[in-house]
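# Architecture and fold: a report
The primary structure of each chain is shown beneath.
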Amino acid sequence: MCAALPPFPSPQEPLDSAELIQLSTSVEEQCLRADAARNRARLLEAAAHLVAEHGAAGVTMEAVAAAAEVGKGTVFRRFGDRVGLLTALLDHSEQKFQAAFLSGPPPLGPGAPAVERLRAFGVAALRRSAEALELHLAAERTADRRYTAPSWRLLNGHILLLLREAVPDADCEVLAQTLIGFLDPAAIHHLTKVRGIPMERLEAGWTDLVDRLTAPRPPD
């Protein structure tokens, strides 16, 4: 007999498509899925402890396997590679952030003018990256995978949507790439850790950049 099913997520917690309940599954399949979820949570807990003790650099597939007392192959099967594991550690904050700008209260969420939402979006993204900057850096994908990641496409698409509403006559695809580059964790690390620029200045810089890009053009 399998353990009780986990509680159904509250409306504030967005469901990942892979987590949607399938009504046609058998009891045995539900038990296997519950076991897999528990094993995944156990591995992530071990990885989180390693981050807390040694930083993101101390998180390797081997170290997580040893901490969770499982074979290394189990970690690879669950997460694919180290980037997949680190990305999974960031998944909860990523989902909260996505829920906030997709359906949360304005000005970050719907209901505010596009320019106000762009300002709020960048400030929220900067603060989110700063909270776990080392982990964000370690989870960065290689150049050939960075711009195809679903999370990146969602962020870029959101910026593009707001730009098209705010400045429909501009080359919004290029402007969206410019804006999202401002939020790159490597750039944030360089500016804050190497250059010593405070986060407040970056937030003000984002707002200034948005205002300049979306300012009405003078008539010809």
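Structure shown above.
Structural notes, computed from the coordinates. As the structure is a prediction and not an experimental result, all values here were calculated from the model. (Residues numbered from 1 in each chain as written. Predicted model: local features only at pLDDT ≥ 70, side-chain atom pairs only at ≥ 80, totals over all residues. Heavy atoms only, no water.)

## Observations concerning the environment of Ala204
Mapped onto the elements, Ala204 comes out in helix H12 (residues 199-214). Accessibility expressed as a relative area gives 48% for Ala204, which makes it partly exposed. With 81 residues separating them in the primary sequence, Ala204 and Val123 have C-alpha atoms 8.5 Å apart. (Helix = DSSP H or I, 4+ residues; strand = E, 2+ residues; numbered from the N terminus. Buried < 20%, exposed > 50% of the residue type's maximum accessible area, 1.4 Å probe, protein only.)

## Examining the packing of aromatic side chains
Inspection of the entire model under this criterion finds five aromatic pairs. Between Phe101 and Phe121 the ring centres are 5.3 Å apart and the planes differ by 80°, which places this aromatic pair in the edge-to-face class. Highlighted residues: Phe101 in helix H5 (residues 91-103) and Phe121 in helix H6 (residues 114-131), separated in sequence by 20 residues. Here the two residues Phe101 and Phe121 agree in accessibility, since each one is buried. With centroids separated by 4.9 Å and ring planes inclined at 70°, the aromatic side chains of Tyr147 and Trp152 adopt a geometry described as edge-to-face. Taking the relative accessible area as the measure of exposure, Tyr147 reaches 42% and is therefore partly exposed. Through pairs of rings, three or more aromatic residues link up here, namely Phe97, Phe101 and Phe121. (Phe/Tyr/Trp six-rings, centres within 6.5 Å; stacked < 30°, edge-to-face > 60°.)

## Concerning the pattern of salt bridges
Any two side chains of opposite charge can pair, given that their charged atoms come close. Across all of its chains, the model carries six salt bridges by this definition. Across the pair Lys72 and Glu62 runs a salt bridge whose closest N-O atoms are separated by 3.6 Å. Of this pair, Lys72 sits in helix H3 (residues 72-79) while Glu62 sits in helix H2 (residues 61-68); the two residues are ten residues apart in sequence, bridging distant segments of the chain. Using a relative accessible area of 42% as the deciding quantity, one classes Lys72 as partly exposed. Under the relative-accessibility criterion, Glu62 is labelled partly exposed at 43%. The salt bridge partner of Glu94 is Arg128, with a shortest N-O separation of 2.6 Å. (Salt bridge = Lys/Arg side-chain N within 4 Å of Asp/Glu carboxyl O.)

## Description of the nonpolar core
The biggest cluster of nonpolar side chains holds 32 residues, and the ones touching the most others in it are Leu118, Phe121, Leu126, Ile159, Leu163, Leu179 and Trp206. Taken together, the elements giving at least two residues each to this core come down to H5, H6, helix H9 (150-166), helix H10 (172-182) and H12. Broken down by element, this core gets its largest block of residues, seven residues, from H6. Apart from residues lying up to four places away in sequence, Leu126 is in contact with Phe182, Leu183, Ile188, Met199, Leu202, Glu203 and Trp206. (Core = buried A, V, L, I, M, F, W, Y, C linked by side-chain atoms within 4.5 Å. Contact = heavy atoms within 4.5 Å.)

## Some remarks on H6
Taking 1.5 Å of rise per residue, the 18 residues of H6 would be expected to cover 26 Å, and the 26 Å separating its terminal C-alpha atoms lies within 8% of that figure. Those residues of H6 not exposed but buried are Ala114, Arg117, Leu118, Ala120, Phe121, Gly122, Val123, Ala125, Leu126, Arg128 and Ser129. Where the residues of H6 are buried, they touch H5, helix H7 (133-138), H9, H10, helix H11 (185-194) and H12. (Expected span 1.5 Å × (residues − 1).)

## A word on the environment of Ala57
Within the fold, Ala57 resides in the loop between helix H1 (27-54) and H2. Taking the C-alpha atoms as reference, Ala57 lies 8.6 Å from Leu135; in sequence the two are 78 residues apart.

## Topic: the side chain of Thr214
In this fold, Thr214 is placed in helix H12. The class for Thr214 is buried, based on a relative accessible area of 11%. Other than its neighbours up to four places away in sequence, Thr214 contacts Val115, Leu118, Leu163, Ala166 and Val167.

## Section: the side chain of Arg117
Within the fold, Arg117 resides in helix H6. Notably, Arg117 is buried but unbridged: the nearest opposite-charge side chain belongs to Glu165, and the N-O separation is 5.9 Å. Within the structure, the side chain of Arg117 is placed 3.3 Å from the backbone oxygen of Leu108, a separation counted as a polar contact. Separated by 3.0 Å, the side chain of Arg117 and the backbone oxygen of Gly109 make a polar contact. In this structure, Arg117 is in contact with Phe101, Pro107, Leu108, Gly109, Pro110, Ala112, His158 and Leu162, ignoring residues within four places of it in sequence. (Lys, Arg positive; Asp, Glu negative; His and termini not counted. Polar contact = N/O pair within 3.5 Å; in protein donor to acceptor, adjacent residues only side chain to side chain.)

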